[in-house]
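# Understanding the architecture of this molecule
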Amino acid sequence: MNKELADLLFPNITKDTNYYEELYPERNLAEGAIVTRFAPSPTGFVHMGSLRTTFIARKVANDTNGVFFLRIEDTDQKREVENGIQGIVDDFKNFDFKIDEGRIGEYEEIGNYGPYLQSERVEIYQTFAKLLVEKGLAYPCFCSEEALDETRKIQELNKERLGYYGSFATCRNLTIDQIKEHLNNGEKFVTRLKSPGNFNNRVFLEDLVKGKIEFPENDLDVVLLKSDGIPTYHFAHAVDDHLMRTTHVIRGEEWLSSLPIHVQLFNVLGFELPSFVHVTLVNKKDGEGVRKLSKRKDPEAALSYYHERGIPVDAVYLYLMTTANSNFEEWLDSNPDKTLDDFKFDFKKMSSSGSLFDLDKLLNISKNYISRLKADEVYNNVLTWAGKYDTEFYQLLDKYKDYSIKLFNIERECEKPRKDYEAYSSIKSQVWYMYDELFNPAKEDYEFKNVSSSDEISMILTTYVDKYYSESDDQETWFSKMKALCDELGYASNMKEYKANPENFKGNVADISTVIRVALTTKSMTPNLYDIMQLLGTNRIKQRINYLNNL
RNA sequence: GGUCCGUUGGUGAAAUGGUUAACACAUCACCCUCUCAAGGUGACAUUCAUGGGUUCAAAUCCCAUACGGAUCACCA
């Protein structure tokens, strides 16, 4: 009778589940290899929280010589977005994120366990659903949306548990004749699980980050196949992760609540249960409260934000690992020559409570990361970034390549390099004055400090340029000449002497440096003046002083 | 409302029964320095949501309460 029902419901399904079991055999991997995946719906972008979860998945697959694949869960037509897959693939590409199997474009994929697009696997799901019907573990339900709403209202009114279960599961006990009648009327149906569960039973499970968890057994007759024959997430998840031989289901914490359903589905289908890893959500402070980082409200939720801002991808990963494994930061500190790949991720070291996304910390990591790069790497990265987001800067960088590299090299190749670039997008605002094309300040742009009288400034500058400045000086000579200039003009060349008796001097060597610095750059705060003057060269130094004098 | 998860400083967190509760970010102060950026030194939780209990001893174990979050669709 169940067989008859199964054939009635799925007349076009001719294969049996063994066919698929053989098509997708056990993976031949070393002991301990983790097979895991990222399974987004094609919404066109990857969320920061997803990236974090996925990054961990990718990492553990790497660590164990396992497999990471990308499966697209496009079972909801309502959510469909144009080029939704491409958006995800592009985000991954921008983030140097490599996948071993799965979708690599809107229409292409790699790997032997596909298709990796759920809409192309409908026949597979239906085959397994048919098996369940045959076994008496699934049935068609003809309840209308209105009827379902109605019972929900009743349940709410009576303060009963919501859902399609027990006596509320009215289609559960339909006879085959009744079913035929519905079918003959042309009524649509969903395929529901005939849940064997009892809400009073407890199920125990070990989640790799949450630890021991327990919950009541599922007794909901959840929908397996929607009326269009397409599976729900729950069913597709069970079938796919079994057939794709996933060993670890790594996903966001929001799935924890539906775990009872999933466990039951795996059992009912006779599938071995994978390991579950429910990763905490990435939160954001919102007024007094805390909420999930949201794409709609928070720009930093989208990966494109980091790309546009020019935060190095590696820095983002460094940050993610810092939040994922609390011992990572310390490890990296004591192993400065190692990379992320050398670090072994440990689920046990992962916090089981949600945390706020800390952009300051990310920027700090980014700043440190950029400071460790070679000048030409910085150049190449900024050039790439500017090519996309700042054409003016791109052209300058392109035109003055060697000069720019020298500029980025100021105070870089030393024990304690400068750490002032937190992102590629912030560099231009810190170095613009080194490019003549960008240098046309107004009088009020000059940030003169203690010495501000035009006459005094002009006197200092001319004395310096006429009597002391020489392009060929090394830094030591250059500085001793600054001091000589101080002595000549009545400024203290020795800071200690100045501090002891400030009234004896017009100012000190810092004031003199500031005058020159501001005259050349307009800024009172710049990197090492000597390096800047070396880059500028005699002619441009004179030009800029003239420019200032003529304002 | 049911179910589940969580709660250590402004932030991320360490510590898994035993000295003054690591470390990092942020903030502040001082030092160094030609200005910045750094770097150095120090400050910043008399206390680990609250209340009970167990113990010679608890942030750590147990119970209750409060608060926060997730989820309860023919969405994923």
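The structure this text deals with has already been given above.
No experiment lies behind these values; they were computed from the predicted model shown.

What follows deals with the nonpolar core. Within the largest apolar cluster, 112 residues are counted, with the highest numbers of intra-cluster contacts made by Leu51, Phe408, Tyr435 and Tyr464. When sequence neighbours within four positions are dropped, the list of residues in contact with Tyr464 reads Tyr469, Trp478, Met482, Leu485, Ile516 and Met533. Residues Tyr113, Ala129, Leu132 and Met244 belong to the second largest nonpolar core, which totals 55 residues.

Moving on: the sheet that holds strand β1 (residues 35-38). In spatial order, the strands read β1-β2-β3-β4; together these four strands make up an open sheet with mixed pairing. This sheet does not close on itself; its edge strands, each paired only once, are β1 and β4 (109-110). Looking at chain direction, strand β2 (residues 67-70) and strand β3 (residues 101-103) are connected through two bridges and run parallel. Bridge pairing in β3 places Leu70 opposite Gly102. In this fold helix α3 (residues 48-63) packs onto β1 and β2, with an angle of close to 160 degrees to the strand it touches most, β1.

In this section: the side chain of Thr280. Looking at the secondary structure, you find Thr280 in the loop between β11 (275-279) and β12 (282-286). Using a relative accessible area of 4% as the deciding quantity, one classes Thr280 as buried. When residues no more than four places from it in sequence are discounted, the contact partners of Thr280 are Arg52, Lys210, Glu253, Ser351, Ser352, Ser353 and Gly354.

A few words on the protein's contact with RNA strand B. Every one of the 65 residues lining RNA strand B counts as a neighbour, but Thr75, Lys226, Lys361, Arg418 and Lys419 are closest to it. Counted by atom, the contact set of RNA strand B within 4 Å of the protein is 70% sugar and phosphate. The separation between a base nitrogen of RNA strand B and a polar side-chain atom of Gln475 is 3.3 Å. Taken together, the elements giving at least two residues each to the surface near RNA strand B come down to β6 (190-193), β8 (211-216), α12 (328-334), β14 (355-356), α13 (359-371), α19 (475-489) and α21 (509-521). Of the residues contributing to the surface near RNA strand B, the split by class is 21 nonpolar, 16 polar and 28 charged.

Parameters and conventions
Residues numbered from 1 in each chain as written. Chains lettered and ligands numbered in written order. Predicted model: local features only at pLDDT ≥ 70, side-chain atom pairs only at ≥ 80, totals over all residues. Heavy atoms only, no water. Core = buried A, V, L, I, M, F, W, Y, C linked by side-chain atoms within 4.5 Å. Buried < 20%, exposed > 50% of the residue type's maximum accessible area, 1.4 Å probe, protein only. Contact = heavy atoms within 4.5 Å. Pairing = 2+ DSSP bridges. Helix = DSSP H or I, 4+ residues; strand = E, 2+ residues; numbered from the N terminus. Axes fitted to C-alpha atoms, helices over the stretch in contact; angles between N-to-C directions. Near = heavy atom within 4 Å. Polar contact = N/O pair within 3.5 Å; in protein donor to acceptor, adjacent residues only side chain to side chain. Nonpolar A, V, L, I, M, F, W, Y, C, P; charged D, E, K, R; others polar.

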